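Results of the structural survey
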Amino acid sequence: MSGRGGPVSENEPQPLHRLVEERLRKLEALAERGEPYPYRYDRTHTSAGLAAAEAELTASGATVRIAGRIMAKRSAGKTIFLPLQDGEGRIQIYARRDDLGEQDYDAFKKLLDLGDLIGVSGKLFRTNTGELTVHVSAWELLAKSLRPLPEKFHDMSLELRSRKRHLDLIMNPESRERFRRRSALLDHVRRFLIDRDFLEVETPVLQPLYGGATARPFTTHHNALDQRLYLRIADELYLKRLIVGGLERVFEFCKDFRNEGMDRTHNPEFTMMECYAAYWDYHDMMDLVETLMRQLAEKFGVDGRISYGGHELDFSGGFRRLRFLDGLQETTGVDFRGLDREEIRAHAERLGVPVRPEMGADKILDAMFGELVEPTLIQPTFVMDHPKELSPLAKGHRDDPALVERFEGFVAGFEICNSFSELNDPREQRRRFADQMDLRAKGDDEAQVMDEDYLEALEIGMPPTGGLGVGLDRLVMLFTDCNAIRDVLLFPAMRPEE
RNA sequence: GCGCCGCUAGCUCAACUGGUAGAGCAACUGACUCUUAAUCAGUAGGUUCGGGGUUCAAGUCCCUGGCGGCGUACCA
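Cut-offs used in this document
- Residues numbered from 1 in each chain as written.
- Chains lettered and ligands numbered in written order.
- Predicted model: local features only at pLDDT ≥ 70, side-chain atom pairs only at ≥ 80, totals over all residues.
- Heavy atoms only, no water.
- Salt bridge = Lys/Arg side-chain N within 4 Å of Asp/Glu carboxyl O.
- Helix = DSSP H or I, 4+ residues; strand = E, 2+ residues; numbered from the N terminus.
- Buried < 20%, exposed > 50% of the residue type's maximum accessible area, 1.4 Å probe, protein only.
- Contact = heavy atoms within 4.5 Å.
- Axes fitted to C-alpha atoms, helices over the stretch in contact; angles between N-to-C directions.
- Parallel < 35°, antiparallel > 145°, perpendicular 65-115°, else oblique.
- Left-handed = near helix turned anticlockwise from the far one by under 90°.
- Nonpolar A, V, L, I, M, F, W, Y, C, P; charged D, E, K, R; others polar.
- Disulfide = S-S within 2.5 Å.
- Core = buried A, V, L, I, M, F, W, Y, C linked by side-chain atoms within 4.5 Å.
- Phe/Tyr/Trp six-rings, centres within 6.5 Å; stacked < 30°, edge-to-face > 60°.
- Lys NZ or Arg CZ within 6 Å of the ring centre and 35° of its normal.
- Near = heavy atom within 4 Å.
- Polar contact = N/O pair within 3.5 Å; in protein donor to acceptor, adjacent residues only side chain to side chain.

What follows deals with the pattern of salt bridges. Tallied over the entire structure, the rule returns 42 salt bridges. Arg 161 is the salt-bridge partner of Glu 174, the closest N and O atoms lying 3.4 Å from each other. With Glu 174 in helix H8 (residues 173-195) and Arg 161 in helix H6 (residues 158-163), this pair connects stretches of sequence that are 13 residues apart. Judged by relative accessible area, Arg 161 falls into the buried class, the value being 12%.

What follows is the structure, encoded as structure tokens:
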């Protein structure tokens with residue numbers, strides 16, 4: 001039992017729903033046949049396994065044992081058909097009174113409900129209509145379902161699908177398939193990195209200081225230490241300490257937490273993959289992302305292409321490289337290089353992009369880019385070389401002091417990854433933190449905070465390093481053609497029902 | 001945060017300008033020995049999201065609170 005609802009309240013004895021009462025009555029009757037919640041059941045096959053072994057099984061006439069959930073009941077007098085659903089699909093079973101005897105058949109027909117889990121043994125055959133079926137010679141209850149399943153003809157409401165994921169998974173095969181695919185996708189990413197000598201590590205979720213991204217944190221408290229702690233918004237600063245320590249390639253699949261709004265593409269907790277490689281720069285990271293995405297598209301798409309939201313996305317040719325300011329110029333016709341804040345602001349207003357007074361020049365450029373350019377980036381594109389103010393942990397650009405060596409990967413109009421040549425000069429990093437503190441003082445509560453402990457690590461000396469963060473939930477959305485993050489999270493954040 | 005829309009039986013949905021809350025599936029009783037959204041006959045099932053108001057009369061109109069969806073803002 002979990003205490004999800006907070007403090008335990010007095011459990012008021014509520015009258016049982018008539019449908020539950022009816023099923024309890026059947027449960028009691030079934031209990032007279034044997035333990036209604038037995039400990040285990042030996043299966044010889046799964047539903048898919050039966051189909052695969054059909055020829056052999058029908059030739060030998062072997063008795064098979066399968067288990068699953070009753071998804072429908074179709075009775076015709078003294079016979080009954082019902083589809084049984086297990087982890088791999090469905091298999092029909094067929095019972096006859098002549099085989100089971102009157103008593104056993106009546107129990108089977110009258111005491112079992114939709115949703116019950118049963119085990120059956122019998123021989124495999126094909127019905128007149130050609131459906132693979134197990135002819136039941138014996139059966140037992142494995143667990144009684146006391147509540148009705150949702151109606152089978154119509155889709156469950158979106159709310160119910162997210163709130164009661166177990167029902168969604170029972171009723172909707174495409175939902176089961178989506179989460180299988182999520183697992184396969186994450187598995188591929190993990191192997192891809194391990195194959196390239198990246199070491200998987202785990203770093204703190206509870207952090208005394210949060211950093212590595214611009215976002216508001218969740219705050220909590222450690223009683224024994226009487227210390228304020230934050231749930232991490234990123235694990236970047238810890239992973240780079242490991243690079244300092246000589247673990248030259250590291251990655252982590254990390255749950256991050258950001259105390260921001262929720263919408264179609266945002267959940268307060270989400271999964272990132274961050275990886276860092278010593279002696280790499282952001283060009284090396286672009287190669288890494290390109291290779292990974294090409295592989296994923298080959299594995300989960302068709303000929304290196306996937307379709308998403310009506311777009312055909314092609315990863316076979318790699319990512320287009322688009323410099324941030326070139327992208328802006330392409331869309332707006334304005335070359336923003338060398339313009340001051342006031343000039344930039346005027347352009348933004350003319351283009352209909354709202355500007356708030358606390359926004360600096362670079363922030364306004366970013367707002368314009370997000371509004372005007374990003375939605376047009378459908379085919380795989382690396383947006384690179386961003387203005388400096390937006391990226392306090394990225395190394396200055398080797399050719400242009402106003403920019404940093406950074407890229408973001410865009411596909412279908414949304415960002416899937418973010419990467420830098422990591423800033424490893426502790427003097428410069430200290431100045432950047434100081435600038436962030438100024439922004440914070442001016443009321444930007446998402447600005448990053450000074451992290452002396454991290455600076456001390458940098459002062460020991462960090463090699464040139466390439467870093468990358470990939471939003472794994474969005475990656476899954478991309479490869480499952482989902483437009484809402486809640487559909488790729490098993491348990492998306494929801495308000496309590498009552 | 002804000003705006004718009006929604007919330008009716010276990011589930012999916014009806015109910016016109018305010019006038020006796022209905023259907024399908026699920027459930028129950030019965031018929032039917034190859035069904036597959038099985039079929040057929042019958043039965044039962046409701047605090048119309050909560051609270052307040054207007055009215056002879058409220059699922060329907062008004063106010064307020066809750067939850068959800070979509071859009072929008074910040075963010076990944």
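Here the narrative resumes, following the displayed structure.
With respect to the helices and strands, the residue Met 273 is situated in strand E12 (residues 269-278). Once residues lying within four places of it in the same chain are set aside, the contact partners of Met 273 are Val 189, Leu 193, Phe 251, Glu 252, Phe 253, Leu 468, Gly 469, Val 470 and Leu 472.

It is worth spelling out the packing of helix H11 (residues 324-332) against helix H13 (residues 361-373) at this point. For the pair H11 and H13, interaxial distance at closest approach is 10 Å and the crossing angle is 55°. As summarised for this structure, H11 and H13 are arranged oblique, according to the angle between their axes. Remark: the crossing between H11 and H13 carries left-handed chirality. Side by side, H11 and H13 meet where Phe 324, Leu 325, Gly 327, Leu 328, Thr 331 and Thr 332 of the first sit next to Leu 365, Asp 366, Met 368, Phe 369, Leu 372 and Val 373 of the second. Here the residues of the contact of H11 with H13 sort into eight nonpolar, three polar and one charged.

Turning next to the state of the cysteines. Inspection of every chain in the model, using the stated rule, returns zero disulfides. With no disulfide of its own, Cys 417 lies closest to Cys 275 among cysteine sulfurs, the gap being 9.7 Å. Between Cys 482, a free cysteine, and Cys 417, which holds the nearest cysteine sulfur, the sulfur-to-sulfur gap is 20 Å.

Before going further, it helps to spend a moment on the nonpolar core. Membership of the largest hydrophobic core comes to 47 residues, with the highest contact counts inside it found for Met 273, Met 293, Phe 407, Leu 468, Leu 475, Leu 478 and Phe 479. For this core, the element with the highest residue contribution is helix H10 (residues 282-300), accounting for 10 residues. The next biggest cluster of nonpolar side chains, apart from the first, holds 28 residues, and it includes Leu 50, Ile 80, Tyr 105 and Leu 112.

Under the counting rule described, the total for this entry stands at 14 aromatic pairs. With centroids separated by 6.0 Å and ring planes inclined at 55°, the aromatic side chains of Phe 315 and Phe 319 adopt a geometry described as tilted. You'll find Phe 315 and Phe 319 in the same group, each marked buried. Ring pairing ties together the aromatic residues Phe 300, Phe 315, Phe 319, Phe 382, Phe 407 and Phe 479, which thus form one cluster. Geometry around Trp 139 places Arg 33 over its ring, the cationic atom sitting 3.8 Å from the centre. Seen from the ring of Phe 192, Arg 196 lies directly overhead, with NZ or CZ sitting 3.7 Å from the centre.

This paragraph deals with the environment of Ala 107. Along the chain, Ala 107 falls in helix H5 (residues 102-111). In the structure, Ala 107 is positioned 158 residues away from Thr 265 in sequence and 49 Å away in space, judged by C-alpha atoms. Every residue in contact with Ala 107, bar those within four places of it in the chain, is listed here: Arg 33, Leu 112 and Trp 139.

So, on to the protein's contact with RNA strand B. Close contacts around RNA strand B come from 54 residues, with Lys 26, Thr 129, Phe 153, His 266 and Arg 474 the closest. Near the protein, within 4 Å, the atoms of RNA strand B are sugar or phosphate in 58% of cases. Ser 157 places a polar main-chain atom, nitrogen or oxygen, 3.0 Å from a phosphate oxygen of RNA strand B. Between a sugar or linking oxygen of RNA strand B and a side-chain N or O atom of Glu 415, the distance comes to 2.9 Å. For the surface near RNA strand B, the leading source of residues is helix H1 (residues 18-31), giving four residues.

Structural measurements only, silent on function.
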